[in-house]
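Letter by letter, the chains look like this.
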Amino acid sequence: MLASVSRRRGLAALAALAASPVLAQVRIDIAGVGGTRIPVAIADFRDESRSPQPIAAIIRADLERSGLFRSVDAPGALSETTVPAYADWKARQADALVAGSVTRLADGRLDIRFKLWDVVKGAEIIGQAQAVLPDDARLAAHRIADVVYEKLTGEKGVFATRMAYVTKAGRRYSLVIADADGEGAKAALSSPEAIISPTWAPNGRELAYVSFESGKATVRIQDVQTGTRRVLADFKGTNSAPAWSPDGSQLVLSLSREGGTQLFVINRDGSGLRRIAQSSAIDTEACFAPDGSKIYFVSDRGGGPQIYRMPAGGGAAERVTFNGNYNISPAISPDGRTMAYITRAGGAFRLSVMDLATGQSQQISDANDDESPSFAPNSKLIVYASRAGGKEVLMTTTLDGKIKTPLLVSLSEVREPSWGSFAAQ
């Protein structure tokens, strides 16, 4: 048996999950000490009280959570029309400055403007404006944070992307979609039966997941905009652990239709089912490499659960993890450089990362009950489920583990996060 803990999805009997109320508020709490971070001052936007969301505070939290930025105090409100006193900002040891304004338009929309300045060079970097409905003010702030992140690092930001996760309130399970900071949560599906293993399609419009609503584990696909659902896999036995191919044309599944649990690939329309791993072992928790050439998965073929990889079309498998006797839940970064996974150390389940080029691994968590890692689409952050203060929480972490941000969901629990692609906005 690959696992005796019901929380390890796909490794036991796909037991029901415990989670938290959908409407719980999320509080950001930065912990840990990072390396060199860019000092940036983000002033309160002029008239941002006209927005239902604290624009500047959201931008600050986004940038700090990335692990690459450090907030510099910016007293008072400033707008994009400000002429920065660069010497003063240099004295505050800021390398960059962000300021903006919020104006309510006649049609009720908000005109949100901002500028980003390079304090060191004494020059404007970019200015932008967006007119949004009040309900989209938080998304507008995330988009500004993405622009600032990209202009100062040269890489795309992920703050306007979305996450999916599973909650449970009483006897009711929900598939929840939220902003990348855990806020703005909305239930895409509620059911009295368990929902597990949500995973985003590359197009950002669909989620595959496992549902028990028919009395057994079946894989379904749901359009998150329309709510339209369809059954992808309802074969004899258990249907579990879906994962999309990079182009979205196929999914890899774990099916027990032939006895035991083996890996199969199926087209997104439900056709073309074929088994790809010929083993008498339990094979599960598969995921594609970002170039689609390989599949990583968990197997007990060596006597205990370890991570293996094989050609996506089937073939010989090679073992990837060798440290410890229990390694599960592989997730490959979109740039193909890093694998996140869960390792058992003593009685604790902890998040680890591996450099796939060198095979070098390190544990980046000292918690006892981590699970379900998922990478941000820019490969710079990982979201995972853990336990803190006796509650289930979602955590984001930098790849070195130095800056962790618990997304604290009050009252109860939350499980199985999946970070969407850049298209999931």
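Residues numbered from 1 in each chain as written. Predicted model: local features only at pLDDT ≥ 70, side-chain atom pairs only at ≥ 80, totals over all residues. Heavy atoms only, no water.

So, on to the overall build of the protein. Of the regular secondary structure elements, the protein holds 3 helices and 32 strands. Its C-alpha atoms give the protein a radius of gyration of 22 Å, within 12% of the compact-globule value 22 Å for 425 residues. Each of the three principal axes of the protein carries a C-alpha extent, and together these read 70 × 45 × 40 Å. Expressed as a percentage of its 425 residues, the buried residues of the protein come to 54%. Looking at the protein alone, contacts between residues at least 24 apart form 47% of all its contacts between residues at least 6 apart. Carbon and sulfur atoms provide 46% of the accessible area of the protein, an area that totals close to 16,900 Å². If the 49 positive side-chain charges of the protein are averaged to one point and the 45 negative ones to another, these points end up 3 Å apart. (Helix = DSSP H or I, 4+ residues; strand = E, 2+ residues; numbered from the N terminus. Rg over C-alpha atoms; globule rule 2.2 N^0.38 Å. Buried < 20%, exposed > 50% of the residue type's maximum accessible area, 1.4 Å probe, protein only. Contact = heavy atoms within 4.5 Å. Areas by Shrake-Rupley, 256 points an atom, 1.4 Å probe, with all protein chains shown as cover. Lys, Arg positive; Asp, Glu negative; His and termini not counted. Charge placed at Lys NZ, Arg CZ, Asp CG, Glu CD.)

Spatial strand order, β4-β2-β6-β7-β8: 5 strands in an open sheet with mixed pairing. Strands at the two margins of the open sheet, each flanked by one partner only, are β4 (69-72) and β8 (123-132). Put simply, the sheet's adjacent strands are angled 25° from each other on average, direction ignored. Both strand β2 (residues 38-42) and strand β6 (residues 96-104) contribute to a ladder of 3 bridges, which runs parallel. The residue of β6 that forms the bridge with Val40 is Ala96. The sheet contacts of helix α1 (residues 55-65) involve β2, β4, β6 and β7 (110-118), and relative to β2 the element is tilted by about 170°. Contacts between helix α3 (residues 137-153) and the sheet are confined to β2, β4, β6, β7 and β8, with β8 contributing the most and set at about 160° to the helix. (Pairing = 2+ DSSP bridges. Axes fitted to C-alpha atoms, helices over the stretch in contact; angles between N-to-C directions.)

Time to look at α3. Compared with the 24 Å implied by 1.5 Å per residue over 17 residues, the 24 Å span of α3 between its first and last C-alpha is a close match. Those residues of α3 that sit buried are Ala137, Arg138, Ala140, Ala141, His142, Ile144, Ala145, Asp146, Val147, Val148 and Tyr149. Gly154, located one to two residues past α3, shows a positive phi value of around 85°. (Expected span 1.5 Å × (residues − 1).)

On the basis of which strands lie adjacent, the open sheet formed by 4 strands has the order β16-β17-β18-β19 and antiparallel pairing. Each having just a single partner strand, β16 (239-244) and β19 (274-275) make up the two edges of the open sheet. By the bridge criterion, 2 bridges tie strand β18 (residues 262-267) to β19 in an arrangement that is antiparallel. Each bridged residue has a counterpart across the sheet, and for Val265 the counterpart in β19 is Arg274.

As a further point, take α1. Burial runs high along α1: 8 of the 11 residues are buried. All of the buried residues in α1 are Ile55, Ala56, Ile58, Ile59, Ala61, Asp62, Leu63 and Arg65.

Here the focus is the pairing of strand β11 (residues 186-191). Both strand β10 (residues 172-179) and β11 contribute to a ladder of 5 bridges, which runs antiparallel. Directly across from Ile177, in β11, lies its bridge partner Lys186. Joining the antiparallel neighbours β10 and β11 is a turn of 6 residues, in which Gly182 adopts a positive phi near 90°.

Bringing the confidence of the model for the protein into the picture now. Scored by pLDDT, the protein has a mean of 90; 91% of the residues are at 70 or more. Across residues 1-28, where pLDDT falls below 50, the model places 105 contacts with residues more than four positions away in sequence or in other chains. (pLDDT = per-residue confidence, 0-100.)

The next point concerns the nonpolar core. Judged by nonpolar contacts, the single largest core of 29 residues is most densely connected at Ile195, Trp200, Leu207, Leu232, Leu251 and Leu253. Residues Ile58, Phe114, Leu116 and Ala141 belong to the second largest nonpolar core, which totals 27 residues. (Core = buried A, V, L, I, M, F, W, Y, C linked by side-chain atoms within 4.5 Å.)

Turning to the environment of Gln306, a few remarks are in order. Along the chain, Gln306 falls in strand β22 (residues 306-311). Classification of Gln306 by relative accessible area gives buried; the value is 4%. Residues Gln306 and Ser66, spaced 240 residues apart in sequence, show a C-alpha to C-alpha distance of 30 Å. At a separation of 2.7 Å, a polar atom in the side chain of Gln306 contacts the side chain of Thr321. At 2.9 Å, the side chain of Gln306 and the backbone oxygen of Gly324 are in polar contact. (Polar contact = N/O pair within 3.5 Å; in protein donor to acceptor, adjacent residues only side chain to side chain.)

Below, the discussion takes up the pattern of salt bridges. Under the definition given, this model contains 20 salt bridges. One salt bridge in this structure joins Arg50 and Asp47, with 3.8 Å as the shortest N-O distance. Look at Asp47 and you get partly exposed, because its relative accessible area is 33%. In this structure, the salt-bridge partner of Lys380 is Glu155, at a minimum N-O distance of 3.5 Å. (Salt bridge = Lys/Arg side-chain N within 4 Å of Asp/Glu carboxyl O.)

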